[in-house]
Amino acid sequence: MPAQTIKVRSREREQLIDITAEVARRLRETGAREGICYLYVQHTTAGLTINESADPDVARDMLHVLRRLAPRHDADYRHGEGNTDAHVKSSLMGTSLSIPFSDGELLLGRWQGIFLCEFDGPRERQIVMMIR
């Protein structure tokens, strides 16, 4: 199956955007019944993660902790674009996911959702989705 591109538009500089429904919809459209759904974000200041999607406070808390680990401004940052923190956060979260599926459905846990992690928005992001 050829790769697909999922485009996601963020509205804030830092934001966790639940993309579970879009990924599930696209998976169903492929007609694939069993395998692995690979997701890869093509950016150095964004990431992907799976975490709780039922309570929005989880995403808020995750961003809070990441801001403490990599504050936006630091006198020792040398990268001239002023987004070093976004690069660090992207590396901490990772840029790819592998999600098994069966009977055409993602095998996520009850509370799990798939999130695009925006760290340098607002902007449009591209996620490559491959089914194997």
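Everything below is about the structure shown above.
Reading the values: rules and limits
Residues numbered from 1 in each chain as written. Predicted model: local features only at pLDDT ≥ 70, side-chain atom pairs only at ≥ 80, totals over all residues. Heavy atoms only, no water. Pairing = 2+ DSSP bridges. Helix = DSSP H or I, 4+ residues; strand = E, 2+ residues; numbered from the N terminus. Axes fitted to C-alpha atoms, helices over the stretch in contact; angles between N-to-C directions. Buried < 20%, exposed > 50% of the residue type's maximum accessible area, 1.4 Å probe, protein only. Contact = heavy atoms within 4.5 Å. Core = buried A, V, L, I, M, F, W, Y, C linked by side-chain atoms within 4.5 Å. Expected span 1.5 Å × (residues − 1). Parallel < 35°, antiparallel > 145°, perpendicular 65-115°, else oblique. Left-handed = near helix turned anticlockwise from the far one by under 90°. Nonpolar A, V, L, I, M, F, W, Y, C, P; charged D, E, K, R; others polar.

1. A short note on the sheet that holds strand β7 (residues 112–118)
Phase 1: Taken in spatial order, the 3 strands line up as β2-β7-β4 in an open sheet, and their pairing is antiparallel. Whereas interior strands pair on both sides, the edge strands pair on one side only; in this sheet they are β2 (15–18) and β4 (46–52). Pairs of neighbouring strands in the sheet enclose a mean axial angle of 35°, with direction left out of account.
Phase 2: Of the strand pairs in this sheet, β4 and β7 are connected by 7 bridges, and their pairing is antiparallel. Its bridge partner lying in β7, Gly 47 is registered against Cys 117.

2. Side note on the environment of Leu 116
Phase 1: With respect to the helices and strands, the residue Leu 116 is situated in strand β7.
Phase 2: Judged by relative accessible area, which is 0%, Leu 116 ranks as buried.
Phase 3: Along the sequence, Leu 116 and Tyr 40 sit 76 residues apart, while their C-alpha atoms lie 10.0 Å from each other.
Phase 4: With residues near it in sequence (within four places) discarded, Leu 116 still touches Val 8, Gln 15, Leu 16, Ile 17, Ile 19, Val 41, Ala 46, Gly 47, Leu 48, Arg 125 and Ile 127.

3. Side note on the nonpolar core
Phase 1: With 22 residues, the main nonpolar core has Ile 19, Val 23, Leu 39, Leu 106, Leu 116 and Ile 127 as its most contacted residues.
Phase 2: Elements represented by at least two residues in this core include exactly β1 (4–9), α1 (20–30), β3 (34–41), β4, β5 (96–102), β7 and β8 (124–131).
Phase 3: Residues in contact with Leu 106, not counting those within four places in the same chain, are Thr 20, Val 23, Ala 24, Leu 27, Cys 37, Ile 99, Pro 100, Phe 101 and Ile 114.
Phase 4: Counting 11 residues, the second-largest nonpolar core is a separate cluster that includes Leu 16, Phe 115, Cys 117 and Phe 119.

4. A word on unusual backbone geometry
Phase 1: Residues Gly 121 and Pro 122 are joined by a peptide bond in cis, for which omega reads 0°.
Phase 2: Despite not being glycine, Asp 103 shows a phi value in the positive range, around 50°.
Phase 3: One can find Asp 103 in the loop between β5 and β6 (105–106).

5. Examining the sheet that holds β6
Phase 1: Across the sheet, which stays open at both edges, the 5 strands sit in the order β1-β8-β3-β5-β6 with antiparallel pairing between neighbours. The open sheet has two edge strands with one neighbour each: β1 and β6.
Phase 2: Taken together, the 7 bridges between β3 and β5 define a ladder with antiparallel strand orientation. Bridge pairing in β5 links Cys 37 to Ile 99.

6. Let's talk about helix α2 (residues 56–69)
Phase 1: Compared with an ideal rise of 1.5 Å per residue, which puts 14 residues at 20 Å, α2 spans 20 Å between its outermost C-alpha atoms and is within 8% of the ideal.
Phase 2: Lining the buried residues of α2 we find β2, β4 and α3 (84–93).

7. Quick word on the packing of α2 against α3
Phase 1: Interaxial distance between α2 and α3 falls to 10 Å at its minimum, and their mutual angle equals 120°. Comparing the axis directions of α2 and α3 gives the class oblique. Like other packed secondary-structure pairs, α2 and α3 cross with a definite hand, here right-handed. Together, Met 62, Leu 66, Arg 67 and Leu 69 of α2 and Lys 89, Leu 92 and Met 93 of α3 make up the contact between the two elements.
Phase 2: Looking at the contact of α2 with α3 residue by residue, the classes come out as 5 nonpolar, no polar and 2 charged.

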